[in-house]
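For reference, the chains in residue letters:
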Protein chains: 2
Amino acid sequence: MNQTATLPSPSLPGDNRLEKIRIVLSHTSHPGNIGAVARAMKTMGLSRLTLVNPKCFPDDEAMRRAVGADDILQRATVCRSLDAALADTVIAFAVSARHRNLGPAPRSAREAAPEVLALTGSGEVALVFGNETAGLSNAEVQRCQRTVFIPANPDYTSLNLASAVQLICYELRMTAFDGSPPVFTKVIPFASQRATNDEVERFHAHLERVMIAAGFLVPQQPKRLMPKLRRLFARAELERDEINILRGILDAVEKRMGH
Amino acid sequence: MNQTATLPSPSLPGDNRLEKIRIVLSHTSHPGNIGAVARAMKTMGLSRLTLVNPKCFPDDEAMRRAVGADDILQRATVCRSLDAALADTVIAFAVSARHRNLGPAPRSAREAAPEVLALTGSGEVALVFGNETAGLSNAEVQRCQRTVFIPANPDYTSLNLASAVQLICYELRMTAFDGSPPVFTKVIPFASQRATNDEVERFHAHLERVMIAAGFLVPQQPKRLMPKLRRLFARAELERDEINILRGILDAVEKRMGH
């Protein structure tokens, strides 16, 4: 039950590589989706957003959907062309549900993530997402050096734009941290310390005494009762407060029984 | 360049285990989120949706946001309590960003996915998501036997409800298919077959002849020109149509040069 031992330390390292990844949205129709993308990026530790000819931006609906990620919208770059959006990047990955014969074989997000992260060592890396309805054009895909896909249900590949960004950014985060990103340890702290062995032993003695007084444990025929109870409480890894509660119950029972 | 060889076969097996996973949304405030959840589920091959006391359902906005996943909304079950929503399940996993000391140590989505899928062998398995603002209550988390979290950015864990469902369902799908789910092979077919060795050799010979005729390649001083060009075209894995285009160019050039 002692969960704190299994949770990461409170130090929360980021990953600089994630900050060198540029999310490029081409010809986005719905400003709400731009806000949802900003939120998706921030939950995974990405921050660079570039928009190619968005239909409406800046926009109130985008800000509303971004919730606490409006800083990403405020720093977003708006470009007139994909070429401008890819300026100063070392490589661009097109994210596409369709497998088009336009370049190297498309790879799944999980397969591509290590290369994306490795290339940030050379400069900014772009991930390019198309319009909500039409996706990326062939010309846009050809402007990129790689193609990435999300292995969705073949019968229904209709991922929402922000969902696609969410999944790609998630894979990048998972890969950046070798599958175990640091966790926000909003742990409700233990109300009490773990009990010492002495405290546990005194509890066992108290319990045994009460069971005998109650006539439940007959010392001449103990029936392995104590070993079984010890096993149970060992598994529970009792805390000090819990021992106090249990002994409080035992005390109350003892009094009622006339000790 | 031959991508078809690297893509999965057109047979598209589902995974019955994904169909035995029940997504439970507790006290959802925004009907649009219910629709977005249905869409997220369907993209990953899940279909069972149960709603506990949704604020508005059925609802037009939910249907609108579900896009092609309205079948999931139509088959969704609405319950008055979490207990009712968990009826007939063998185990329930609470999805929570907060680490609460309420049971077994929380595990990340990727860590938990194999157990979720394994338990579908015994019956339906529930994944429970809380209200958009408040998340799951402690009482709701305690009603579940496991806790799962998404390892989001510790500085900003504010995942949208549908995004959280999307990521969990994605991990389940990836795990169900050992990291390589079947892909929808909407491949634009090759316009032409890959060229044979003979065709490639005839092209090289033609190219060499034209370079000599043009005075660019001097047979007495070949300067490794042909090996370098061979290396380039070997990498390209030429198709028959491409060879025809290249030889067409060479033919035209030869004619102009007066052969």
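1. Let's talk about the environment of Asn153(A)
Here's step 1: For Asn153(A), the position within the fold is in the loop between strand E7 (146-149) and helix H7 (161-176).
Here's step 2: By the C-beta count within 10 Å, which is 24 here, Asn153(A) ends up buried.
Here's step 3: Filtering out sequence-adjacent residues up to four positions away, Asn153(A) remains in contact with Lys42(B), Thr43(B), Met44(B) and Gly45(B).

2. Points about the packing of H7(A) against helix H7 (residues 161-176) of chain B
Here's step 1: Between H7(A) and H7(B), whose axes approach to 10 Å, the crossing angle comes to 55°. The angle between H7(A) and H7(B) falls in the class oblique. The way H7(A) lies across H7(B) gives a crossing that is right-handed. Listed contacts from H7(B) to Ala162(A), Ser163(A), Gln166(A), Leu167(A) and Tyr170(A) of H7(A) are Ala162(B), Ser163(B), Gln166(B), Leu167(B) and Tyr170(B).

3. Things to note about the pairing of strand E1 (residues 21-26) of chain B
In regular strands, side chains alternate between the two faces of the sheet.
All names here are of chain B.
Here's step 1: Across the six residues that make up E1, a large majority, six, are buried.
Here's step 2: Residues Ile21, Ile23 and Leu25 point to one face of E1 and Arg22, Val24 and Ser26 to the other, with burial holding for every one of them.
Here's step 3: Note: E1 against strand E6 (residues 124-129), five bridges, orientation parallel. In the strand pairing of E6, Leu25 is matched with Phe129.
Here's step 4: Regarding topology, helix H1 (residues 31-43) serves as the crossover connection from E1 to the parallel strand E2 (residues 48-52), and that connection is right-handed.

4. Section: the sheet that holds strand E3 (residues 77-79) of chain B
All names here are of chain B.
Here's step 1: The seven strands are arranged E3-E2-E1-E6-E4-E7-E5 in an open sheet whose pairing can be described as parallel. Two strands close off the open sheet at either side, each with one partner strand: E3 and strand E5 (107-108).
Here's step 2: Summarising the sheet, E1 and E2 pair through five bridges and their orientation is parallel. When the sheet's bridge partners are listed, Arg22 is paired in E2 with Arg48.
Here's step 3: Running over the sheet, H7 touches E1, strand E4 (89-95) and E6 and is turned about 150° from E6.

5. A short note on helix H9 (residues 225-236) of chain A
The α-helix advances 3.6 residues per turn, and as a result positions three or four apart in sequence lie on the same side.
Here's step 1: The terminal C-alpha atoms of H9(A), which comprises 12 residues, lie 17 Å apart, in line with the 16 Å expected from a rise of 1.5 Å per residue.
Here's step 2: Where H9(A) ends, the next residue or the one after it, Glu237(A), has phi of about 45°, a positive value.

6. Description of the pairing of E7(A)
Residues and elements named next belong to chain A.
Here's step 1: The alternating pattern of E7 places Arg146 and Val148 and Thr147 and Phe149 on opposite faces, both of which are buried.
Here's step 2: Across three bridges, strand E4 (residues 89-95) lies against E7 in parallel orientation. In the sheet register, Ala94 faces E7, and the bridge partner there is Thr147.
Here's step 3: Taken together, the two bridges between strand E5 (residues 107-108) and E7 define a ladder with parallel strand orientation. Counterpart to Arg107 in the pairing with E7 is Val148.

7. Quick notes on the environment of Arg247(B)
All names here are of chain B.
Here's step 1: Among the structural elements, Arg247 can be located in helix H10 (residues 240-256).
Here's step 2: Judged by the 16 C-beta atoms lying within 10 Å of it, Arg247 is partly exposed.
Here's step 3: Beyond its immediate sequence surroundings of up to four residues, Arg247 is in contact with Phe203 and His206.

8. Remarks on the sheet that holds strand E2 (residues 48-52) of chain A
Here's step 1: Pairing is parallel in the open sheet, where seven strands are placed in the order E3-E2-E1-E6-E4-E7-E5 (chain A). On the outer flanks of this sheet lie strand E3 (77-79) and E5 of chain A, each paired with one strand and no other.

9. With respect to the domain arrangement of chain A
Here's step 1: For chain A, the domain assignment lists domain 1 (18-176) and domain 2 (197-256).
Here's step 2: Here domain 1 of chain A and domain 2 of chain A have C-alpha centroids that lie 60 Å from each other.

10. Here's the deal with the nonpolar core
Here's step 1: Residues Val37(A), Met41(A), Val37(B) and Met41(B) are the most contacted members of the largest nonpolar core, which totals 120 residues.
Here's step 2: Among all residues touching Val37(A), those that are not within four sequence positions of it are Ile23(A), Leu25(A), Leu49(A), Leu161(A), Ala162(A) and Val165(A).

11. Quick word on the packing of helix H8 (residues 197-213) of chain B against H10(B)
Residues and elements named next belong to chain B.
Here's step 1: Contact geometry for H8 and H10: axes closest at 10 Å, N-to-C directions at 20°. One way to sum up the angle between H8 and H10 is to call them roughly parallel. Where H8 crosses over H10, the handedness of that crossing is left-handed. Seen from H8, the contacting residues are Glu199, Val200, Phe203, His206, Leu207, Val210 and Ala213; seen from H10, they are Arg240, Ile243, Leu246, Arg247, Leu250, Val253 and Glu254.

12. Overview of the environment of Met44(B)
Here's step 1: Checked against the element boundaries, Met44(B) lands in the loop between H1 and E2.
Here's step 2: The class for Met44(B) is buried, based on 29 C-beta atoms found within 10 Å.
Here's step 3: Sequence spacing of Met44(B) and Glu171(B) is 127 residues, and the spatial spacing of their C-alpha atoms is 9.0 Å.
Here's step 4: In this structure, Met44(B) is in contact with Ala152(A), Asn153(A), Cys169(B), Tyr170(B), Leu172(B) and Arg173(B), ignoring residues within four places of it in sequence.

How each quantity is defined
Residues numbered from 1 in each chain as written. Chains lettered and ligands numbered in written order. Predicted model: local features only at pLDDT ≥ 70, side-chain atom pairs only at ≥ 80, totals over all residues. Helix = DSSP H or I, 4+ residues; strand = E, 2+ residues; numbered from the N terminus. Buried ≥ 20, exposed ≤ 12 C-beta atoms within 10 Å, placed from the backbone. Contact = placed C-beta atoms within 7 Å. Axes fitted to C-alpha atoms, helices over the stretch in contact; angles between N-to-C directions. Parallel < 35°, antiparallel > 145°, perpendicular 65-115°, else oblique. Left-handed = near helix turned anticlockwise from the far one by under 90°. Pairing = 2+ DSSP bridges. Right-handed = clockwise from strand over helix to strand, strands pointing away. Expected span 1.5 Å × (residues − 1). Domains from an automatic or database assignment. Core = buried A, V, L, I, M, F, W, Y, C linked by C-beta atoms within 7 Å.

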